[in-house]
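# Summary of the model geometry
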Amino acid sequence: MIDEVQAREDILARIRQATADVTQSDPQKDAPITWQYGRGIDMDDVVGTFVQRVRDYNCSVVEVPAVDVPQAVVDALKETGADESVVVPPGLDESWRTAIAEAGIEVRVDDPELSKTELDDTQAVVTAAASGVADTGTIVLTHLANQGRRALTLVPDRHVCVIKASQVVSDVPEAVQAVKPAVLDHHPLTWISGGSATSDIELSRVNGVHGPRQLHVVVVTDQ
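Conventions adopted
The residue numbers shown here count from 1 along each chain, following its written sequence. At least 70 in pLDDT is required for a residue's local features to be given in this predicted model, at least 80 for side-chain atom pairs to be given and counted, and no such filter applies to totals for whole chains, interfaces and linings, which use all residues. Note that the side-chain values use all heavy atoms of the structure and ignore hydrogens as well as water. Helix and strand definitions follow DSSP, with helices as H or I runs of at least four residues and strands as E runs of at least two, each counted in order from the N terminus. Throughout, radius of gyration means the C-alpha value; the globule benchmark is 2.2 Å times the number of residues raised to the power 0.38. Type-normalised accessible area, obtained with a 1.4 Å probe on protein chains alone, sets the label of each residue: buried when under 20%, exposed when over 50%, and partly exposed for intermediate values. Any two residues whose heavy atoms approach within 4.5 Å at even a single point are treated as in contact. Per-residue and other accessible areas follow the Shrake-Rupley method at a 1.4 Å probe size, with only the shown protein chains counted as cover for residues. Working convention for charge: Lys and Arg count positive, Asp and Glu count negative, and His plus the chain ends are omitted. Taken as the charge location is NZ of Lys, CZ of Arg, CG of Asp or CD of Glu. A pair of strands is considered paired only if DSSP assigns at least 2 bridges between the two. For every element, the axis is a line fit to its C-alpha atoms; helices are fit only across the contacting stretch, and the angle between N-to-C directions ranges from 0 to 180 degrees. Here the term patch refers to residues with relative accessible area over 30% and no salt bridge, with like charges joined within 9 Å and nonpolar side chains (Val, Leu, Ile, Met, Phe, Trp, Tyr) within 5 Å. Salt bridge, as applied in this entry: a Lys or Arg side-chain nitrogen positioned within 4 Å of an Asp or Glu carboxyl oxygen.

In the nomenclature of an unreviewed UniProt entry, the protein chain is known as LUD domain-containing protein of Cutibacterium granulosum DSM 20700.

Right, let's talk about the overall build of the protein chain for a bit. Scanning the protein chain for helices and strands turns up 7 helices and 12 strands. The C-alpha radius of gyration computed for the protein chain amounts to 23 Å, which surpasses the reference 17 Å derived for 223 residues by more than 25%, pointing to a less compact arrangement than a globule. On the principal axes, the C-alpha backbone points of the protein chain span a range of 80 × 45 × 30 Å. The buried share of the protein chain, taken over its 223 residues, is 38%. Looking at the protein chain alone, contacts between residues at least 24 apart form 71% of all its contacts between residues at least 6 apart. Split by element, the accessible area of the protein chain, about 12900 Å² in all, is 49% carbon and sulfur. Charge-centre separation for the protein chain: the mean point of 18 positive side chains lies 4 Å from the mean point of 35 negative side chains.

Once that is clear, we can look at the sheet that holds strand 3 (residues 106–109). Pairing is parallel across the open sheet formed by 6 strands, whose spatial order is 1-12-7-4-2-3. The open sheet has two edge strands with one neighbour each: strand 1 (60–64) and strand 3. With direction set aside, neighbouring strand axes in the sheet form an average angle of 20°. Pairing of strand 4 (residues 124–127) with strand 7 (residues 158–164) involves 4 bridges; the strand directions are parallel. Looking across to strand 7, one finds that alanine 124 is bridged to arginine 158. Packed on one face of the sheet, helix 5 (residues 94–102) meets strand 2 (85–88), strand 3, strand 4 and strand 7 and runs near 140° to strand 3.

Taken in spatial order, the 4 strands line up as 8-5-6-9 in an open sheet, and their pairing is mixed. With partners counted over all chains shown, the strands left at the sheet margins are strand 8 (168–169) and strand 9 (190–192), one partner each. Relative to strand 8, strand 5 (residues 131–133) runs parallel, the two being bridged by 2 bridges. By the bridge assignment for strand 8, glycine 132 is matched with valine 168. Helix 7 (residues 172–184) contacts strand 5, strand 6 (138–141), strand 8 and strand 9 of the sheet and is inclined by roughly 175° relative to strand 5.

All right, on to a nonpolar patch on the surface then. A grouping of Ile33, Trp35 and Tyr37 is seen on the molecular surface, where their side chains present a nonpolar patch of about 380 Å² in accessible area. Examined against the element boundaries, tyrosine 37 turns out to sit in the loop between helix 2 (27–30) and helix 3 (46–56).

On to the pairing of strand 3, then. Relative to strand 3, strand 2 runs parallel, the two being bridged by 4 bridges. Residue valine 86 lies in a different strand from strand 3, and its bridge partner there is valine 107.

Here strand 6 shows no split at all, with Thr138 and Val140 on one side and Ile139 and Leu141 on the other all buried. Bridge count between strand 5 and strand 6: 3 bridges; the pairing is antiparallel. Its bridge partner being in strand 6, valine 133 is matched across the sheet by threonine 138. Counting the residues in the hairpin turn of strand 5 and strand 6 gives 4 residues, including glycine 137, whose phi is positive at 70°. Here strand 6 pairs with strand 9 via 3 bridges, running antiparallel. Of the residues in strand 9, the one forming a bridge with leucine 141 is threonine 190.

Given below as structure tokens:
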């Protein structure tokens, strides 16, 4: 039988030995931390790293100047197989909506809100974004007018997301700081790292369980 008193003494003795060199009882003074939350991490190419991380999730990414975004959105929709219908938030850039319609794809504006059945019957969604995380390849949505409500980006099978290069930051804490105003205004957040996927206990991968199966990202390089 284990001697509980002796075991306790052994543990405490090891703790005293391990902390023998600690001269300050205040941990802040003993081991000062210079890092500041939200400052970001050093990274040679933030946007390039973001693009590579997103591609690591088997997602398509294109980098285009602002003038080419409407055509890039149309090309992305067709690449994903969405050639009949797309839902867009009411605040989406008008030139993108016009380009989609001129390509022969029905544009369904979520105003008034479409039903779940209507969203399920729509091939794709096109939105803007709030922030991008280079370190993880994650896109953050705050669901403002150009991003729409959460259901828009969770129900359709395909998501074309446009993000400005200036919105891409190095890591998650920096992204949290970027979207803090929206959080304080009580907006929900959606964090997207690639197309929706999950696996069961036998590691059988299933796509599209929690959101779109396909993600296509358009990075705007000059904004």
